[in-house]
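Per-entry structural report
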Amino acid sequence: MEFFDSLSQGFAALGTWQIAIALLIGAALGIVVGVLPGVGPGVTIAVLLPFTYGMAPLAGISLLLGVYCGAFYGGAVTSILIRTPGEASSIMTMFDGYPMAKNGQAQRALSLAFMSAFVGGIASALLLGLAARPMAGFAARFGAPESVMAIVLAAVCVGKAYRKQFASAMMMMGLGFFLATVGIDPNSNEQRYTFGIAGLLSGIPLVPVAVGLFGMAQALVMVSSPVPRFDASLIKNAGLSWRGFLEPFKYPKAMAKGLFLGSAIGVLPAVGAALSTSLAYFWAQRSAKDPTPFGQGNPEGIVAAECANNSNSGGAMITVLTLGIPGDAITAIIMGVFVVHGIVPGPSLFMERPEIINGVLASLLVINVVILALLVMTVKPLARLAYVNPRILGLAILALCFVGAFSAANSMYYVIIAAVFGVLGLVCARANIPTIPLILGMVMGDTLEATLRQTLGRSDGSFMPFIDRPISAILVATTCLLFVWPFVSGMFEKHKKPS
Amino acid sequence: MKKALEASPWLWSWDKGLVLLVSVAAAAVILETPQLITPYPAEAAWFESAAFFPRVTLVLACIAGLFELYRRRSAVVLADSEELDSSTANMRQALGMLALFGLYMLAVPWMGYLSSTWLFLLVSGAWLGLSRRATLSLSVSLSLGMWLVFVKVLKVYFGHGWLI
């Protein structure tokens with residue numbers, strides 16, 4: 001009952017023109033960037049972030065959520081029609097979508113993908129509504145030591161998600177935490193690492209860093225890469241079939257597998273949709289009903305992958321809203337909108353600003369409906385966007401990065417920061433060093449420092465509060481387990497081999 | 001497209017240099033912290049000091065960097081990141097584009113937003129080898145569109161240039 005009350009309050013909170021327009025623009029932009037080759041939601045959200053400052057918080061969040069969700073849908077279009085995934089998470093859709101399209105069933109493949117993504121999106125939004133409140137109730141029991149350990153655990157999870165790049169991810173996370181300390185220390189008013197530069201007194205702002213790392217670095221790569229060639233003969237076949245829309249419901253098992261993995265993995269920091277789609281795909285392959293081999297146009301492959309792909313969004317928002325811990329770069333930037341408006345994500349948000357929580361839930365539901373409606377109306381012309389030369393897009397993104405960074409504070413200083421981080425992003429890409437942990441570190445750094453100081457201040461420098469308290473102790477144990485697990489599993493394997 | 005670089009154990013490469021530079025810079029900042037925090041809280045307890053958390057984060061960056069350097073010592077390293085595939089990017093072209101962007105940054109307050117954006121897009125398009133038609137239509141439509149949206153509608157103030 002409480003859930004339906006929250007939902008109706010959420011829909012009421014969305015009932016303004018500003019939010020409706022933001023939602024519509026966000027959804028449309030999201031679909032477009034999902035289709036455009038090389039442009040991801042991260043770039044778009046980073047550039048749009050400054051423009052959300054002047055909006056009501058829910059309008060800004062709805063705009064960015066629209067881009068976030070729309071890109072999941074849009075990515076399937078190029079995967080199916082030109083065998084080029086718009087997003088990394090759409091790779092699995094390509095395996096069966098493209099062969100299906102090649103067999104003259106492009107409309108069936110697109111309809112299957114869109115409806116499965118729609119079911120995934122709606123289910124994950126409902127899950128957010130059902131799970132967020134109990135999880136926030138649990139998180140409300142968190143004191144400073146628990147918050148410290150939750151962030152440390154999230155940081156280690158981020159590192160682990162990069163597998164072999166664990167050390168470089170932790171290095172960038174450390175740098176991100178460090179960058180968050182630059183400026184005037186809020187506790188003692190001492191100037192930290194400002195080098196006498198007045199602009200650094202208020203710290204290194206998140207907006208130009210995000211614009212540089214995601215927008216500029218991506219644009220510089222796009223303008224300097226050769227124009228990709230692809231077989232575009234199937235683009236003219238783009239369209240939808242009503243029978244295809246109903247087909248995913250023939251495969252409830254594949255759908256359930258996708259939903260479960262997408263939502264569960266969405267909650268984990270930095271793991272991302274790409275892993276959930278591949279796991280769901282291979283899981284669906286084990287007990288497929290349709291006799292078509294996987295990789296040759298099996299509809300269950302598309303259903304599982306797209307359900308998992310789009311059900312990530314709700315899961316990712318759960319950790320942002322309940323714990324204030326972003327799972328990936330996009331939710332980190334979305335969290336920036338909360339922070340700019342003085343809204344602190346976490347359990348207290350459910351008590352202090354329930355309209356925001358309910359609004360996010362309702363907005364996720366409405367966004368999925370709007371996106372599906374937009375796709376039904378525009379899929380044919382939309383598919384033609386795949387023809388756009390990435391160099392033209394790269395140039396346009398560079399021009400938008402300038403205005404995006406500048407308008408955050410009407411200052412050229414912000415553009416200089418964006419340019420510096422743009423170069424850093426490009427260099428890191430060449431050196432195979434991940435940059436997302438840097439942004440996550442910057443976003444979580446302030447909270448980590450404040451809660452760490454609080455804990456140690458109360459215990460007079462003792463680390464016992466981290467072990468004395470049960471929740472914190474569990475988090476410490478989980479973090480340690482994550483560290484030692486590769487060694488333990490390696491030892492087990494060694495023991496197994498001789499037998 | 002991913003390029004794999006076979007890095008032999010003692011062969012030095014610029015990416016290893018970059019990781020080493022980050023580690024060394026982090027270590028240097030840890031040591032120089034008393035000079036970089038003003039006024040330095042020498043009397044404060046270690047856990048209350050403004051230097052405590054930054055030092056912890058720098059230690060993390062430094063040690064993780066050294067581990068990464070060790071891992072890259074003899075590992076097969078991918079030439080591009082999983083996040084952003086730059087394996088086919090022409091670095092000279094990217095740096096040239098960056099230089100043009102720098103000139104654009106200087107031109108905006110001096111010339112005005114509309115004219116400098118148009119010029120930036122026009123020159124960049126020509127430099128990237130886009131067709132004359134694409135360059136002209138992109139530069140005119142995008143600069144005009146952005147000027148209308150950002151300057152006229154959203155009232156972003158770019159300074160007072162001698163042109164628009």
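Check the entry above for the structure.
Criteria and cut-off values
Residues numbered from 1 in each chain as written. Chains lettered and ligands numbered in written order. Predicted model: local features only at pLDDT ≥ 70, side-chain atom pairs only at ≥ 80, totals over all residues. Heavy atoms only, no water. Pairing = 2+ DSSP bridges. Helix = DSSP H or I, 4+ residues; strand = E, 2+ residues; numbered from the N terminus. Contact = heavy atoms within 4.5 Å. Buried area = accessible area lost by both parts, 1.4 Å probe. Salt bridge = Lys/Arg side-chain N within 4 Å of Asp/Glu carboxyl O. Polar contact = N/O pair within 3.5 Å; in protein donor to acceptor, adjacent residues only side chain to side chain. Nonpolar A, V, L, I, M, F, W, Y, C, P; charged D, E, K, R; others polar. Patch = residues over 30% accessible without salt bridge, like charges linked within 9 Å, V, L, I, M, F, W, Y side chains within 5 Å. Areas by Shrake-Rupley, 256 points an atom, 1.4 Å probe, with all protein chains shown as cover. Lys, Arg positive; Asp, Glu negative; His and termini not counted. Charge placed at Lys NZ, Arg CZ, Asp CG, Glu CD. Axes fitted to C-alpha atoms, helices over the stretch in contact; angles between N-to-C directions. Parallel < 35°, antiparallel > 145°, perpendicular 65-115°, else oblique. Left-handed = near helix turned anticlockwise from the far one by under 90°. Buried < 20%, exposed > 50% of the residue type's maximum accessible area, 1.4 Å probe, protein only. Phe/Tyr/Trp six-rings, centres within 6.5 Å; stacked < 30°, edge-to-face > 60°. Lys NZ or Arg CZ within 6 Å of the ring centre and 35° of its normal. Core = buried A, V, L, I, M, F, W, Y, C linked by side-chain atoms within 4.5 Å.

1. Examining the sheet that holds strand β2 (residues 191-192) of chain A
Pairing in this open sheet of three strands is antiparallel, and the strands run β1(A)-β2(A)-β2(B) from one edge to the other. Only two strands of the sheet have a single neighbouring strand rather than two, namely β1 (183-184) of chain A together with β2 (37-38) of chain B. Relative to β2 of chain B, β2 of chain A is paired through two bridges, and the arrangement is antiparallel. When the bridges of β2 of chain B are listed, Arg192 of chain A appears paired with Ile37 of chain B.

2. Brief notes about the interface of chain B and chain A
Each side of the interface is counted separately: chain B has 69 residues, and chain A has 70 residues. With both chains or domains summed, chain B and chain A bury close to 5900 Å², and 74% of this area falls on carbon and sulfur atoms. In terms of surface lost to chain A, no three residues of chain B exceed Phe47, Phe53 and Glu83 of chain B, which account for 12% of the buried area on that side. The interface formed by chain B and chain A holds zero salt bridges in total. For the pair chain B and chain A, the interface holds 13 residue pairs in polar contact (both at pLDDT 80 or more). Among the elements of the structure, α1 (14-36), β2, α2 (52-74), α3 (91-111), α4 (113-127) and α5 (132-153) of chain B are those that each provide at least two residues to the side of chain B that touches chain A. Split by residue class, the side of chain B that touches chain A holds 47 nonpolar, 13 polar and nine charged.

3. Considering a positive patch on the surface
On the surface, Arg243, Lys250, Lys253 and Lys289 of chain A cluster together into a patch of positive charge. Looking at where Arg243 of chain A falls in the secondary structure, it is placed in helix α9 (residues 242-246).

4. A short note on the packing of helix α4 (residues 57-82) of chain A against helix α14 (residues 329-340) of chain A
All names here are of chain A. Interhelical geometry of α4 versus α14 gives an angle of 170° and a closest axis separation of 9 Å. Here α4 lies roughly antiparallel to α14, going by the angle between them. Handedness of the α4/α14 crossing: right-handed. Contacts from Pro57, Gly60, Ile61, Leu64, Leu65 and Tyr68 in α4 reach Ile330, Thr331, Ile334, Val337 and Phe338 in α14.

5. As for the environment of Gly441 of chain A
All names here are of chain A. One can find Gly441 in helix α19 (residues 436-458). When its relative accessible area of 0% is taken as the criterion, Gly441 is described as buried. The spatial distance from the C-alpha of Gly441 to the C-alpha of Met351 is 27 Å, given a sequence separation of 90 residues. Excluding anything up to four places from it in sequence, Gly441 contacts Met173, Gly176, Phe177 and Ala180.

6. Side note on the environment of Leu128 of chain B
Looking at where Leu128 of chain B falls in the secondary structure, it is placed in the loop between α4 and α5. Sequence separation of Leu128 of chain B and Gln93 of chain B is 35 residues, and the distance between their C-alpha atoms is 8.0 Å. Among all residues touching Leu128 of chain B, those that are not within four sequence positions of it are Val223, Arg391 and Leu395 of chain A together with Gln93 and Met97 of chain B.

7. Some thoughts on the packing of aromatic side chains
The relative placement of two aromatic rings is captured by the distance of their centres and the angle of their planes. As enumerated under the stated definition, the model contains 28 aromatic pairs over all chains in all. Ring centres of Phe406 of chain A and Phe158 of chain B lie 4.6 Å apart, and the angle between their planes is 20°; on these two criteria the pair is classed as stacked. With one member in each of two chains, Phe406 of chain A in helix α17 (residues 390-407) and Phe158 of chain B in the segment after α5 form a pair that bridges those chains. A relative accessible area of 4% places Phe406 of chain A in the buried class. The buried category is assigned to Phe158 of chain B, whose relative accessible area is 6%. Through a chain of ring-to-ring contacts, three or more aromatic side chains come together here, namely Phe402 and Phe406 of chain A together with Phe101, Tyr104, Tyr113, Phe120 and Phe158 of chain B. Cation over ring: Lys160 of chain A sits above Phe166 of chain A, and NZ or CZ is 5.3 Å from the ring centre.

8. Details of the nonpolar core
Grouped burial of nonpolar side chains is what soluble globular proteins tend to show. One finds Leu81 and Phe402 of chain A together with Phe101 and Tyr113 of chain B to be the most contacted residues of the largest nonpolar core, which totals 222 residues. With 19 residues, the top contributor of residues to this core is helix α5 (residues 91-139) of chain A. Setting aside residues up to four positions removed in sequence, Tyr113 of chain B forms contacts with Phe402 and Val403 of chain A together with Tyr104, Val108, Met146, Trp147, Phe150, Val151, Phe158 and Ile164 of chain B.

9. As for a nonpolar patch on the surface
All names here are of chain B. A contiguous nonpolar patch, built from Trp118, Leu119, Val123, Leu136, Val140 and Leu144 and spanning about 460 Å² of accessible area, is present on the exposed surface. When contributions to the nonpolar patch are tallied by element, the ones reaching two or more residues are α4 and α5. The class of Leu136 is partly exposed, set by a relative accessible area of 42%.

10. Quick notes on the pattern of salt bridges
Throughout the structure, instances matching the rule amount to ten salt bridges over all chains. A salt bridge links Arg108 of chain A to Glu247 of chain A, with the nearest nitrogen and oxygen atoms 2.6 Å apart. Taken together, the residues Arg108 of chain A in helix α5 and Glu247 of chain A in the loop between α9 and α10 (252-267) connect sequence positions 139 residues apart. The shortest N-O distance in the salt bridge between Glu68 of chain B and Arg72 of chain B comes to 2.6 Å. Of this pair, Glu68 of chain B and Arg72 of chain B both sit in helix α2, four residues apart, roughly one helical turn. An identical accessibility class is assigned to Glu68 of chain B and Arg72 of chain B; each is buried. What you see here is one network of salt bridges that share partners, running through Asp185, Arg192, Glu449 and Arg453 of chain A.

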